[in-house]
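Results of the structural survey
The chain contents come next:
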Amino acid sequence: EAAAPHLRGRDQIVWLGRLDEAREEFRVALDWGLSEGHKDLSVRLATLLGWYCGLRGLRRRHREWLRSGLELPGEIPPRARAEALVAMTTFGLNPDIDPPDDERTIREARAAFAEAGLPVPDELRFRELASRLQHVPGDPGAGEALGVALAELRQPGVDPWVQAASWTIEAFSIVSWAPFESRQARVEAAFEQSVEG
């Protein structure tokens, strides 16, 4: 819980190192929680480890932990379920990891936030837009529409990481549809905005 907010900021490397030192302990704790049926604890820990697992190339294992935790008998608060579903989509659509499930998981997360009476978080809004990237290649209209929607995530009050990441998605989008003569300058400008963010 202490590390989670630092994994998306300038102290990321320091906190990744701290979590690396405890990596085996986290694995043991999660395996124990799942085997003993501790749904709340297992889902909570797996949710918090989402960014760490993504940054360390453990996305597949992370999703297994989350799925196993959510499938345990018993109830957890709607907010905890919603946050776990968002964590399951962390790092966006991945063709190597359950591609058909990501869009469904995003819809389930949106419904869970509604059930909890909470607004949809910036990160989930970003994931929804990132999932549209697969429909853009070769379609300037879809690419421009995605760019307009991504710009809405660059408003004051939106999570700074989401703002920066929206530029990265825009750059990937431009690569897949923009005319060759204007592509390089637009992609470089978008990536520069992302890096600065």
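Residue numbers run consecutively from 1 along every chain, following the written order of its sequence. Reporting of local features is limited, given that this is a predicted model, to residues whose pLDDT is at least 70; pairs of side-chain atoms are given and counted only at 80 or more, and all residues count toward the totals for whole chains, interfaces and linings. Side-chain numbers here rest on the full set of heavy atoms in the structure, without hydrogens or water.

1. A closer look at the packing of aromatic side chains
Rule in force here: Here a pair means two rings of Phe, Tyr or Trp (six-membered ring of Trp) with centres within 6.5 Å. Their orientation is stacked below 30 degrees between planes, edge-to-face above 60, and tilted elsewhere. Secondary structure follows DSSP: runs of H or I at least 4 residues long count as helices, runs of E at least 2 residues long count as strands, and numbering of each begins at the N terminus. Throughout, exposure labels follow a simple rule: accessible area from a 1.4 Å probe, protein chains only, divided by the maximum for the residue type, with under 20% read as buried, over 50% as exposed, and the rest as partly exposed.
Here the structure, examined in full by the defined rule, presents three aromatic pairs. Relative to Trp-161, the ring of Phe-126 has its centre 5.4 Å away and its plane inclined at 80 degrees; by these criteria the two rings are edge-to-face. Of the two residues, Phe-126 sits in helix H8 (residues 122–131) while Trp-161 sits in helix H10 (residues 160–177), which places them 35 residues apart along the sequence. Ring geometry for Phe-172 versus Phe-191: centroids 5.7 Å apart, planes at 85 degrees, classification edge-to-face. In this pair, Phe-172 is assigned in helix H10 and Phe-191 in helix H11 (residues 180–196), connecting sequence segments 19 residues apart. Using a relative accessible area of 31% as the deciding quantity, one classes Phe-191 as partly exposed. Ring pairs connect the aromatic residues Trp-51, Phe-126 and Trp-161, which therefore count as one cluster.

2. Comments concerning the packing of helix H5 (residues 59–71) against helix H6 (residues 78–88)
Note the threshold: Between the N-to-C directions of two axes lies an angle of 0 to 180 degrees, each axis being a line fitted to C-alpha atoms and, for a helix, fitted only over the stretch in contact. Comment on the angle field: the value is read as roughly parallel under 35 degrees, roughly antiparallel over 145, roughly perpendicular from 65 to 115, and oblique elsewhere. In a left-handed crossing the near helix is turned counterclockwise from the far helix by less than a right angle, and in a right-handed crossing that turn is clockwise. It only takes one pair of heavy atoms within 4.5 Å for two residues to be counted as in contact. Under the convention adopted here, Pro, Cys and the residues Ala, Val, Leu, Ile, Met, Phe, Trp and Tyr are nonpolar, Asp, Glu, Lys and Arg are charged, and Gly plus all remaining residues are polar.
Where H5 meets H6, the axes come as close as 10 Å, and the angle between the chain directions of the two elements is 155 degrees. By the angle between their directions, the pair H5 and H6 is classed as roughly antiparallel. For the pair H5 and H6, the crossing hand works out as left-handed. Contacts from His-62, Arg-63, Leu-66, Arg-67 and Leu-70 of H5 reach H6 at Arg-81, Ala-84, Leu-85, Ala-87 and Met-88. A per-class count over the contact of H5 with H6 returns six nonpolar, one polar and three charged.

3. Regarding the environment of Ser-176
Spelled out, the test is: For the purposes of these results, a polar contact is taken to be a pair of N or O atoms within 3.5 Å, where, inside protein, one atom must be able to donate a hydrogen and its partner to accept one; residues adjacent in sequence count only when each atom of the pair is a side-chain atom.
With respect to the secondary-structure elements, Ser-176 resides in helix H10. In this structure the C-alpha to C-alpha distance between Ser-176 and Pro-140, which are 36 residues apart in sequence, comes to 8.8 Å. Once residues within four sequence positions are removed from consideration, Ser-176 is found in contact with Val-136, Pro-137 and Gly-138. Among the polar contacts listed, one links the side chain of Ser-176 to the backbone oxygen of Ser-173, at a separation of 2.8 Å.

4. Structural notes on the side chain of Lys-39
Filter applied, for reference: None of His or the chain ends enter the tally, which takes Lys and Arg as positive and Asp and Glu as negative. Should a side-chain nitrogen of Lys or Arg be within 4 Å of a carboxyl oxygen of Asp or Glu, the pair is scored as a salt bridge.
Mapped onto the elements, Lys-39 comes out in helix H3 (residues 39–48). Look at Lys-39: it is buried, it has no salt bridge, and the nearest opposite charge is Glu-75 at 6.1 Å. Separated by 3.0 Å, the side chain of Lys-39 and the backbone oxygen of Gly-74 make a polar contact. Once residues within four sequence positions are removed from consideration, Lys-39 is found in contact with Gly-69, Leu-70, Leu-72, Pro-73, Gly-74 and Ile-76.

5. Examining helix H9 (residues 140–151)
We apply this condition: A helix's residues, less one, multiplied by 1.5 Å, set its expected span. Working note: the arc is built from the helix axis to C-beta atom directions.
With twelve residues, H9 extends 16 Å from end C-alpha to end C-alpha; this agrees with the ideal 16 Å at 1.5 Å per step. If you check which residues of H9 are buried, you get Gly-143, Leu-146, Gly-147, Ala-149 and Leu-150. Seen along its axis, H9 keeps its buried residues to an arc of 165 degrees; they face one direction. Each element contacted by the buried residues of H9 is listed here: H8 and H10. A side-chain oxygen of the first residue of H9 lies 3.1 Å from the backbone nitrogen of Gly-141; this N-cap is Asp-139.

6. Section: the nonpolar core
Note the cut-off: Definition used in this section: a nonpolar core is a set of buried Ala, Val, Leu, Ile, Met, Phe, Trp, Tyr and Cys residues joined via side-chain atoms within 4.5 Å.
Core analysis: the largest hydrophobic core is formed by 49 residues, its most contacted members being Leu-7, Tyr-52, Leu-70 and Phe-126. The element best represented in this core is H10, accounting for seven residues. Contact partners of Phe-126, with chain neighbours within four places excluded, come to Leu-153, Trp-161, Val-162, Ala-165, Ser-166 and Ile-169.

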